[in-house]
Amino acid sequence: MRVLLLLITCIPFLVFSQAKKTFKIKTVAFYNVENLFDIVNDTLIFDDERTPEGSYKWTQKRYEKKIEHVSKVLSEIGKELTKTSPDIIGLCEVENKNVLNDLVQHKNLKQNDYGIIHLDSPDERGIDVALLYKKASFLPTSFKSHRLLLFNEEGYRDYTRDQLVVNGLLDEELIFFIVNHWPSRSGGEARSKPYRRKAAELNRRIIDSIQDIEPYAKIISMGDFNDDPRDTSFKKVLKTKGKIKQLDSLSLFNPMEKLFRNGVGTLAYRDKWNLFDQFFFTSNLIDKEKDEYSFWKAGVFAPPYLKTASGRYKSYPYRTYVGTTYQGGYADHFPIYLYLIKAYK
């Protein structure tokens, strides 16, 4: 935990005084780590290509380099401000708990004592979502995965990732986290759009069910949604709002919408930037008094080493693979972060 000393006028929505105020600060991060597989062939999933004999020639050396890279990135998100790694980290495209254990035990992260919450999803490629948390900051009280049931045009089941819900105490404040990895745009945006609409409907049901039990619950949903902030899944199904002044007590606020309007993205394809990696949350996380943990700001973590240095794809995320060609980079998405702050009394 770090103490943040700021002028009140430096923080959005706090405009009542010029006096200095001291704040606790917590960092929440999310990262699509681009196929973090071990090298072992699991006969229950389609991971054959991600083995030493597979088309990606996924060797122990390459795996260890991937763990080193991902752990380095996670250790540095928010560090410029907080001097430490994030308190909460959502991940997607992880194969199993073994790779997560290797990740948190790497020297880049080990000293921060992260706990792991992971449940296997039915995704055909075997990729899952997960939540890491600093044991000194967050005490999980329960967690559950929610299955997304999808069927293709022929009526066959299309297996995809579950949505992981974790609730617990962040410095004794109850908060819920939902980690997502919605269906991809494989086959085209229009063809796959109904799948993401179904994912949004599931997310909305999860939020509603939490609020039925805890009407004032603070809920943060994060993930790679494979949709931008202005797409139907957000604006029509979840009815997210991108401006503080639009909020009421039932609204969901998406701070990434402003970033997207300003041209910020987390991945690029055919010279177009998308902001698929997002946070949105219940409006009770907007609190101008900051007496409890409240939203301060969100952003995309994109230091120079995460970007392709030259060529046609200059400034795009520096990937591990392009097709089946090994690049030795980090991931095909930039991670995102969100700061929660709370005033000391």
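The present account deals with the structure reproduced in this document. Just so you know, these numbers come straight off a predicted model, no measurement behind them.

## Points about helix α4 (residues 189-213)
The end-to-end C-alpha distance of α4, which contains 25 residues, comes to 36 Å, matching closely the 36 Å that a straight helix rising 1.5 Å per residue would cover. Where α4 is concerned, the buried positions are Ser192, Tyr195, Arg196, Ala199, Ala200, Leu202, Asn203, Arg204, Ile206, Ile207 and Ile210.

## Here we look at the sheet that holds strand β8 (residues 173-181)
A sheet is described by the order of its strands in space; here 7 strands give the open sequence β6-β7-β8-β9-β14-β11-β10, paired in mixed fashion. Because the sheet does not close on itself, it has two edges, and the strands there are β6 (138-146) and β10 (240-241). Two strands pair when backbone bridges link them, and strand β7 (residues 163-170) and β8 are joined in this way by 7 bridges, in the antiparallel orientation. What sits directly across from Val166, in β8, is Phe177.

## Let's talk about unusual backbone geometry
In this model, Lys57 sits at a positive phi of 50 degrees, which is unusual for a non-glycine residue. Note that Lys57 resides in the loop between β2 (20-36) and α1 (60-76). Although it is not a glycine, Asp171 sits at a positive phi angle of roughly 50 degrees. Residue classification places Asp171 among the partly exposed residues on the basis of a relative accessible area of 23%.

## Digging into the nonpolar core
Formed by 71 residues in total, the largest nonpolar core has its most connected members in Tyr31, Leu74, Leu91 and Leu132. When residues of this core are assigned to their parent elements, the largest contribution, 8 residues, is made by β2. Apart from the residues within four sequence positions on either side, Leu132 is in contact with Leu74, Asp87, Ile88, Ile89, Leu91, Leu100, Leu103, Val104, Tyr114, Gly115 and Ile116.

## A closer look at the packing of α1 against helix α3 (residues 97-105)
The N-to-C vectors of α1 and α3 enclose an angle of 60 degrees; their axes lie 9 Å apart at closest approach. Relative to α3, the element α1 lies oblique. Between α1 and α3 lies a crossing whose hand is right-handed. Across from Tyr63, Ile67, Val70, Ser71 and Leu74 in α1, the residues of α3 making contact are Asn98, Val99, Asp102 and Leu103. For the contact of α1 with α3, a count of residues per class yields 6 nonpolar, 2 polar and 1 charged.

## What to know about α3
Buried residues of α3: Val99, Leu100, Leu103 and Val104, and no others. One face of α3 carries all of its buried residues, which in axial projection span an arc of 130 degrees.

## Focus on the pattern of salt bridges
All chains considered together, the criterion is met by 20 salt bridges. The closest approach of N and O atoms between Lys135 and Asp113, which form a salt bridge, is 3.5 Å. Note that Lys135 is positioned in the loop between β5 (128-134) and β6 and Asp113 in the loop between α3 and β4 (114-118), a separation of 22 residues in sequence. Judged by its relative accessible area of 42%, Asp113 falls in the partly exposed class. Among the ionic pairs, Lys218 bridges to Glu292, the shortest N-O distance being 3.1 Å.

## Description of the side chain of Asp47
Mapped onto the fold, Asp47 is located in the loop between β2 and α1. Buried Asp47, no salt bridge; nearest opposite-charge side chain is Arg50, N-O distance 9.0 Å. When residues no more than four places from it in sequence are discounted, the contact partners of Asp47 are Phe37, Val40, Asn41, Asp42 and Glu95.

## Remarks on the layout of surface pockets
Considering only enclosed or pocket space, the largest pocket measures out at about 1,600 Å³ in volume. Contributing to the lining of the largest pocket are 50 residues, with Ser184, Asn226, Tyr269, Arg319 and Asp332 lying nearest its centre. At the level of secondary structure, the elements contributing two or more residues to the lining of the largest pocket comprise β2, α4, β12 (267-269), β13 (272-274) and β16 (321-322). The element best represented in the lining of the largest pocket is α4, accounting for 4 residues. Considering only residue class, the lining of the largest pocket consists of 16 nonpolar, 15 polar and 19 charged.

Thresholds, definitions, all that
Residues numbered from 1 in each chain as written. Predicted model: local features only at pLDDT ≥ 70, side-chain atom pairs only at ≥ 80, totals over all residues. Heavy atoms only, no water. Helix = DSSP H or I, 4+ residues; strand = E, 2+ residues; numbered from the N terminus. Expected span 1.5 Å × (residues − 1). Buried < 20%, exposed > 50% of the residue type's maximum accessible area, 1.4 Å probe, protein only. Pairing = 2+ DSSP bridges. Core = buried A, V, L, I, M, F, W, Y, C linked by side-chain atoms within 4.5 Å. Contact = heavy atoms within 4.5 Å. Axes fitted to C-alpha atoms, helices over the stretch in contact; angles between N-to-C directions. Parallel < 35°, antiparallel > 145°, perpendicular 65-115°, else oblique. Left-handed = near helix turned anticlockwise from the far one by under 90°. Nonpolar A, V, L, I, M, F, W, Y, C, P; charged D, E, K, R; others polar. Arc of directions from axis to C-beta. Salt bridge = Lys/Arg side-chain N within 4 Å of Asp/Glu carboxyl O. Lys, Arg positive; Asp, Glu negative; His and termini not counted. 1 Å grid on protein atoms, 1.4 Å probe; cavity = no way out; pocket = protein on both sides within 12 Å on 5 of 7 lines; lining within 4 Å. Points joined across faces, edges and corners; volume = space filled by probe spheres on them.

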